[in-house]
Amino acid sequence: KNRSITFHTGPAMISYVDMQTHKLKVTKNGKTIRVIPITTGKAGFDTRSGVKVIMMKERTRLMDASTGGTDRSDPEYYRLTVEYAMRLTWTGEFLHAAPWSVGSQGRANVSHGCTGMSTSNAAWLYANSTVGDVVVYTGNDKPMEPRNGYGQWNISWKKWQQGSALAT
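Residues numbered from 1 in each chain as written. Predicted model: local features only at pLDDT ≥ 70, side-chain atom pairs only at ≥ 80, totals over all residues. Heavy atoms only, no water.

Engineer: Please give an account of the overall build of the chain that cites residues and values.
Structural biologist: The helix and strand tally for the chain stands at 2 helices and 9 strands. In the chain, the succession of α and β elements from N to C terminus is β-β-β-β-β-β-β-β-α-β-α. Along the three orthogonal principal directions, the C-alpha set of the chain runs to about 60 × 35 × 30 Å. Out of the 168 residues in the chain, the part that is buried amounts to 37%. Here the analysis covers contacts within the chain between residues at least 6 apart in sequence; of these, 62% occur between residues at least 24 apart. Total accessible area on the chain is roughly 10000 Å²; 53% of this is exposed by carbon and sulfur atoms. (Helix = DSSP H or I, 4+ residues; strand = E, 2+ residues; numbered from the N terminus. Buried < 20%, exposed > 50% of the residue type's maximum accessible area, 1.4 Å probe, protein only. Contact = heavy atoms within 4.5 Å. Areas by Shrake-Rupley, 256 points an atom, 1.4 Å probe, with all protein chains shown as cover.)

Following this line, the structure appears as structure tokens:
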């Protein structure tokens, strides 16, 4: 049957994370609406470069380093509850409030791979973002894997077409 369907989309919300300048720039329909000082992964806990998508939002989330393989006896081990968590990868990269690192935000990368910001900035980002919004990361040689979240955005169009049923 022929059908008519009407639907509406939200604004184009794209955030850009520069891991070298430690800034997250939020754009809405192409216009910058906020710049947030952040911290990303320190050496050994590098945050991936590439295009990511907000997969889910949680007002609070328990973070436990053992889920990523860090032993409880390791000095890098942590277990804490964070606020305003937005998942970007299956392997545990999130945007979230990190009040313990405010002194480093905008200056240095000190996290275990997540993107941390002040609680007020995280609350604002959480309130103004939705599942499906795009977050583009630059500044690191560690690439985003296509299957680590909604990472298909990191496959070139030419390579994507090679996987098509219409490919010859």
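Resuming the write-up.
Engineer: If you had to explain the pattern of salt bridges to someone new, which residues and values would you point to?
Structural biologist: Pairing between side chains of opposite charge can happen when the charged atoms of each approach one another. All chains considered together, the criterion is met by 8 salt bridges. Between Glu76 and Lys42 there is a salt bridge, with the nearest N and O atoms lying 2.9 Å from each other. Taken together, the residues span a long stretch of sequence, with Glu76 in the loop between strand 5 (56-64) and strand 6 (79-87) and Lys42 in the loop between strand 3 (31-37) and strand 4 (50-53) at a distance of 34 residues. On the basis of relative accessibility, which here comes to 22%, the residue Lys42 falls in the partly exposed class. The salt bridge involving Glu93 is made with Arg48; its shortest N-O contact spans 2.5 Å. Of this pair, Glu93 sits in the loop between strand 6 and strand 7 (94-97) while Arg48 sits in the loop between strand 3 and strand 4; the two residues are 45 residues apart in sequence, bridging distant segments of the chain. (Salt bridge = Lys/Arg side-chain N within 4 Å of Asp/Glu carboxyl O.)

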